[in-house]
Amino acid sequence: LESAVEAGAGQQSALAPDVRAAYDRAKGAVNAYAQVRAAAAQGNSVQALERFAALAAFLPKPTDPDDLRGKAATGIEGKAEKLVQAGQYAEAVAALAPVQRTWPARPGLKDRAALYEKYRQNEAKQERILADLPNLERHKKPWDGLQMLNGVEPTPHLAAQFREARGRLEDLLARLDKNPPTLVLRDGFVLNYARGT
């Protein structure tokens with residue numbers, strides 16, 4: 001298209017009306033992709049995605065020879081992933097909004113957004129579990145604590161705390177189980193009882 005637009009420059013008046021319409025459409029597509037390139041060169045990922053979405057007005061299925069849209073989306077997803085690692089799940093969901101708005105069919109985007117939303121919803125519950133565990137450790141109830149941890153898929157920034165808590169509880173349980181309880185009757189204890197006593 002770039003070559004065709006360049007070749008036809010200055011000759012629009014000599015073109016037939018239908019050819020002129022196709023030329024104008026091709027010129028619009030070339031200009032739109034040039035704007036995508038400019039935004040990508042400036043490192044503006046959101047603008048690059050928006051400009052690529054505008055390109056679809058000229059070409060229903062535009063190609064992306066330089067993969068500028070993919071690189072822009074990857075950059076935004078990388079920033080969202082950093083927010084996830086910092087435990088800022090609501091911000092991570094919001095960071096994905098430009099990709100969702102301009103490229104809703106991007107492979108893996110729906111799963112990623114759903115996962116971040118799940119993290120956001122589970123955060124408070126998992127923090128409560130972590131807050132309850134020290135009390136169980138003090139009361140020597142590691143089994144109860146381990147049961148609370150069963151089936152919990154920790155959010156990324158809480159994963160290390162869950163690993164440490166599980167390790168402490170397993171260690172406490174092993175120490176408590178090392179010497180099983182024994183029953184010892186005192187000397188002279190009467191072992192005869194009446195039926196039903």
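That block above? That's the structure.
A few points on the structure. Computed from a prediction, not measured in an experiment: that's the story for all the values here.

**Here we look at the overall build of the protein chain**
In step 1: Summing up its helical and strand segments, the protein chain has 9 helices and 0 strands in all.
In step 2: Going from N to C terminus, the protein chain has its helices and strands arranged as α-α-α-α-α-α-α-α-α.
In step 3: Taking 2.2 N^0.38 as the reference for a compact globule, 197 residues should give roughly 16 Å; the C-alpha atoms of the protein chain span a radius of gyration of 32 Å, well beyond that estimate.
In step 4: Along the longest, intermediate and shortest principal axes, the C-alpha atoms of the protein chain span 120 × 35 × 20 Å.
In step 5: When contacts within the protein chain are restricted to residue pairs at least 6 apart in sequence, those whose partners lie at least 24 apart make up 59%.
In step 6: Roughly 13100 Å² of accessible area belongs to the protein chain as shown, and the carbon and sulfur atoms make up 54% of that amount.

**Re the side chain of T102**
In step 1: Here T102 is to be found in helix α6 (residues 97-102).
In step 2: Reaching out from T102, the side chain makes a polar contact with the backbone oxygen of P98 at a distance of 2.7 Å.
In step 3: Once residues within four sequence positions are removed from consideration, T102 is found in contact with L49, E50 and A53.

**Some words on the packing of helix α3 (residues 45-55) against helix α4 (residues 68-85)**
In step 1: It is the contact of α3 with α4, at a shortest axis distance of 9 Å, that shows an interaxial angle of 140 degrees. Between α3 and α4, the angle falls in the class oblique. Relative to α4, α3 is oriented so that their crossing is left-handed. Residues S45, V46, A48, L49 and F52 of α3 form the contact with α4, whose participating residues are R69, A72, A73 and I76.
In step 2: Looking at side-chain class alone, the contact of α3 with α4 contains 7 nonpolar, 1 polar and 1 charged residues.

**Topic: a nonpolar patch on the surface**
In step 1: A surface patch of nonpolar side chains, about 470 Å² in accessible area, is lined by L185, F189, L191 and Y193.
In step 2: Within the fold, F189 resides in the segment after α9 (159-178).

**Describing the side chain of E77**
In step 1: If you trace the backbone, E77 turns up in helix α4.
In step 2: Polar contacts involving the side chain of E77 include one to the side chain of R106, which spans 2.7 Å.
In step 3: In this structure, E77 is in contact with L96, V99, R106, L109, R112 and Y116, ignoring residues within four places of it in sequence.

**Overview of helix α2 (residues 17-41)**
In step 1: With 25 residues, α2 ought to run about 36 Å at 1.5 Å a step, and its terminal C-alpha atoms sit 36 Å apart, in line with that.
In step 2: Three or more residues of α2 are buried, namely Y23, A26, G28, A29, V30, A32, Y33, V36 and A39.
In step 3: Immediately downstream of α2, the backbone of G43 shows phi near 80 degrees, a positive value.

**Quick look at the packing of helix α7 (residues 109-138) against helix α8 (residues 142-149)**
In step 1: Taken N-terminus to C-terminus, the directions of α7 and α8 make an angle of 165 degrees; their axes are 9 Å apart at the nearest point. Classed by the angle they form, the pair α7 and α8 counts as roughly antiparallel. As for the relative orientation of α7 and α8, their crossing is left-handed in sense. Two secondary-structure elements touch here, α7 through I129, D132, L133 and L136 and α8 through D144, G145, M148 and L149.
In step 2: Split into classes, the residues belonging to the contact of α7 with α8 amount to 5 nonpolar, 1 polar and 2 charged.

**Concerning the pattern of salt bridges**
In step 1: According to the stated counting rule, one finds 9 salt bridges in the structure shown.
In step 2: Where E81 meets R112, a salt bridge forms, and the shortest distance between an N and an O atom there is 3.6 Å. With E81 in helix α4 and R112 in helix α7, the pair connects residues that are 31 residues apart, well separated along the chain.
In step 3: The partly exposed category is assigned to R112, whose relative accessible area is 28%.
In step 4: For E117, the salt bridge identified is with R120, shortest N-O distance 2.4 Å. Placement of both E117 and R120 in helix α7 is noted, with a separation of 3 residues, approximately one turn of the helix.
In step 5: Several salt bridges share partner residues, and in doing so they unite E77, E81, R106 and R112 into one network.

About the thresholds
Residues numbered from 1 in each chain as written. Predicted model: local features only at pLDDT ≥ 70, side-chain atom pairs only at ≥ 80, totals over all residues. Heavy atoms only, no water. Helix = DSSP H or I, 4+ residues; strand = E, 2+ residues; numbered from the N terminus. Rg over C-alpha atoms; globule rule 2.2 N^0.38 Å. Contact = heavy atoms within 4.5 Å. Areas by Shrake-Rupley, 256 points an atom, 1.4 Å probe, with all protein chains shown as cover. Polar contact = N/O pair within 3.5 Å; in protein donor to acceptor, adjacent residues only side chain to side chain. Axes fitted to C-alpha atoms, helices over the stretch in contact; angles between N-to-C directions. Parallel < 35°, antiparallel > 145°, perpendicular 65-115°, else oblique. Left-handed = near helix turned anticlockwise from the far one by under 90°. Nonpolar A, V, L, I, M, F, W, Y, C, P; charged D, E, K, R; others polar. Patch = residues over 30% accessible without salt bridge, like charges linked within 9 Å, V, L, I, M, F, W, Y side chains within 5 Å. Salt bridge = Lys/Arg side-chain N within 4 Å of Asp/Glu carboxyl O. Expected span 1.5 Å × (residues − 1). Buried < 20%, exposed > 50% of the residue type's maximum accessible area, 1.4 Å probe, protein only.

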